[in-house]
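# Residue-level structural notes
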Amino acid sequence: MSVKIPRGTQDILPGQSEKWQYIEKIAKDICRRYHYKEIRTPIFEHTELFKRSVGDTTDIVQKEMYTFEDRGERSLTLRPEGTAAVVRSFVENKMFGIPDQPVKLFYTGPMFRYERPQSGRYRQFVQFGVEAIGSEDPAIDAEVIALVMDIYKTAGLKKIKLVINSLGDAESRSAHREALINHFEPRIEEFCSDCQMRLKQNPLRILDCKKDREHELMASAPSILEYLNEVSKSYFAKVTAYLDLIGIGYTIDPKLVRGLDYYNHTAFEIMSEAEGFGAITTLCGGGRYNGLVQDLGGPESPGIGFAFSIERFIAAMEAEKIEWPVDNGLDCFVVALGDNAKDRSVSIVHELRTAGFSAERDYQDRKMKAQLKASDRQNARFTAILGEDELAENKITVKDMAQSTQDEVQLNDLVQYLKTKMEAK
Ligand code: AMP
């Protein structure tokens, strides 16, 4: 019996991987413009890190982590998200001491969650995220939101919706928490067992429940916006004013809460509104986490960030039927006839590659016709044909596949000839 890929994971094959590279390239370029620098952290961390940051009561920590003991009997966990590790690294490397704050970072890489696999939900998925740590200027909230909207816009996505909310500061959250408990407690037995647990531990998360979404008490639940104190209200007003100033449209949804414990003030999500996108429409989630650096042993250092998965990004692109400007990349296929020409083609492709072209030849000892077909299949822009006669004269025949023209070129001039032809296009 052959061994199959684990459930909830996928192979990204050639033809698909170019789409990933394309999105990563856009995201990195936008990060460069906003002056965010890349950080790379380990794929696994001490389990304790996620318990303390993501939160003991969250689904991620309670049910979804890939946790294992290593040979030294340490409990390690494959990272389920990126923020915890970035903040750990911020503290560990004393980045709070850098004169220019906030420290603006981006990351990309696989994340792991033991979730029920379905369309748009994987057990291993790739997130791209940014974190700006060390400033509580509402302009940085607007900047982070603008950055991700810019990435989507540059990729061509149009049917997306930005939803924002404020979760307030500690005082506002605690007043809201009381109100939520009073609201749900009398009828909590009508809710799922998870919600019953959430009531005392973290009632805000009841609003995020997938099972009890339709319960009538959900729609009438007290809104956080009514419990924001003056500081939180004016912070939120400033963030939305900045978004207005730079022309970013948004909808305020007082029911938007994020599944992770560390958020306060600004929370946001971006959804796809494309037809046929599927049930899970959230493309990106983010928010502010002012206490997290302290929780992880650093000084007070407020942060904000977001993460999106490339999987859902690609799904949104496909739902909107956006064309992938994917370049096949094969400049020249060298067809060789006869043993001497075949030998010589080894150095010809090498020369072309050294000069910066992508070049290919036949490795199956095929006849001329089959080699020409291969060149066609691989969408070569030029097919260079080397027979024994040409070789004797140090020449090669170059066909321009798009123009259906051909020239005989001195072998020594091949690189220059292709350069001139390519530039002319
Ligand atoms: P979260 O860290 O749960 O707020 O997720 C942030 C973003 O990561 C989501 O908006 C999705 O784009 C993506 N994401 C989260 N979980 C998964 C998953 N299991 N599979 C694919 N993408 C995911």
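Please refer to the structure placed before this passage.
Keep in mind the model is a prediction, meaning the values are calculated, not measured.

## Let's talk about the nonpolar core
Counting residues in hydrophobic clusters, the biggest one holds 49 residues, and the most contacted among them are Tyr152 and Phe308. Here this core gets 11 residues from one element, more than from any other, and that element is helix H5 (residues 138–155). Excluding its chain neighbours within four sequence positions, the residues that come into contact with Phe308 are Ala27, Val126, Gln127, Phe128, Val148, Ile151, Tyr152, Leu283, Cys284 and Phe313. Ala84, Cys192, Met218 and Ala221 belong to the second-largest nonpolar core, a separate cluster that totals 46 residues.

## Notes on a nonpolar patch on the surface
Residues Ile43, Phe44 and Phe68 make up a contiguous nonpolar surface patch of roughly 250 Å² in combined accessible area. If you trace the backbone, Phe68 turns up in strand S3 (residues 66–69). Phe68 gets classed as partly exposed once you look at its relative accessible area, which sits at 33%.

## Topic: the packing of H5 against helix H9 (residues 230–245)
For the pair H5 and H9, interaxial distance at closest approach is 8 Å and the crossing angle is 45°. With respect to H9, the element H5 is oriented oblique. Every pair of crossing elements has a handedness; the one defined by H5 and H9 is right-handed. In this structure, H5 uses Pro138, Ala139, Asp141, Ala142 and Ile145 to contact H9, whose residues at the interface are Tyr235, Lys238, Val239, Tyr242 and Leu243. For the contact of H5 with H9, the class distribution of residues is 8 nonpolar, no polar and 2 charged.

## Overview of the site of the ligand
Lining the immediate surroundings of the ligand are 16 residues, of which Arg113, Glu115, Tyr122, Arg258 and Leu283 lie closest. At a separation of 3.0 Å, an oxygen atom of the ligand approaches a polar side-chain atom of Gln127. In isolation the ligand exposes 480 Å². Once the protein is present, 91% of that is buried. Across the shell around the ligand, the residue classes break down as 6 nonpolar, 5 polar and 5 charged.

## Quick look at helix H4 (residues 83–92)
Among the 10 residues of H4, 9 are classified as buried, and the element is accordingly described as predominantly covered. Looking only at H4, the buried set comprises Thr83, Ala84, Ala85, Val86, Val87, Arg88, Ser89, Phe90 and Val91. Positive backbone phi, approximately 50°, marks Lys94, located one or two places after H4.

What counts as what
For every chain, the first residue of its written sequence is number 1, and the numbers climb from 1 along that sequence. For this predicted model, a pLDDT threshold of at least 70 governs which residues receive local features, and a threshold of 80 or more governs which side-chain atom pairs are given and counted, while totals over whole chains, interfaces and linings are taken from all residues. As a convention, hydrogens and water are excluded, and side-chain values are obtained from all of the structure's heavy atoms. Among buried residues, those of type Ala, Val, Leu, Ile, Met, Phe, Trp, Tyr and Cys that are joined through side-chain atoms within 4.5 Å constitute a nonpolar core. Only protein chains enter the area calculation, which uses a 1.4 Å probe; residues under 20% of their type maximum are buried, those over 50% are exposed, and those in between are partly exposed. Each helix corresponds to a stretch of at least 4 residues labelled H or I by DSSP, and each strand to a stretch of at least 2 residues labelled E; elements are numbered beginning at the N terminus. Throughout, a residue-residue contact means that at least one pair of heavy atoms, one from each residue, lies within 4.5 Å. Patches draw on residues past 30% relative accessible area with no salt bridge. Two like charges within 9 Å are joined, as are two nonpolar side chains (Val, Leu, Ile, Met, Phe, Trp, Tyr) within 5 Å. Where accessible areas are quoted, they stem from the Shrake-Rupley method and a 1.4 Å probe; at the residue level, only the protein chains shown are allowed to cover. Only one rule defines a salt bridge in this text: a Lys or Arg side-chain nitrogen within 4 Å of an Asp or Glu carboxyl oxygen. Axis geometry follows a simple rule: fit a line to the C-alpha atoms, using only the stretch in contact for helices, then measure angles between N-to-C directions, giving values from 0 to 180 degrees. For classification purposes, angles smaller than 35 degrees are called roughly parallel, those larger than 145 roughly antiparallel, those between 65 and 115 roughly perpendicular, and all remaining angles oblique. Handedness of a crossing is defined here by the sense of rotation of the near helix relative to the far one, left-handed for an anticlockwise turn of less than a right angle and right-handed for a clockwise turn. In this classification, Asp, Glu, Lys and Arg are treated as charged, Ala, Val, Leu, Ile, Met, Phe, Trp, Tyr, Cys and Pro as nonpolar, and every other residue, Gly included, as polar. Working definition: residue near molecule or strand if any one of its non-hydrogen atoms lies within 4 Å of it. Polar contact is the term for a pair of N or O atoms within 3.5 Å; when the atoms are in protein, one must be able to donate a hydrogen and the other to accept it, and sequence-neighboring residues count only if both atoms are side-chain atoms.

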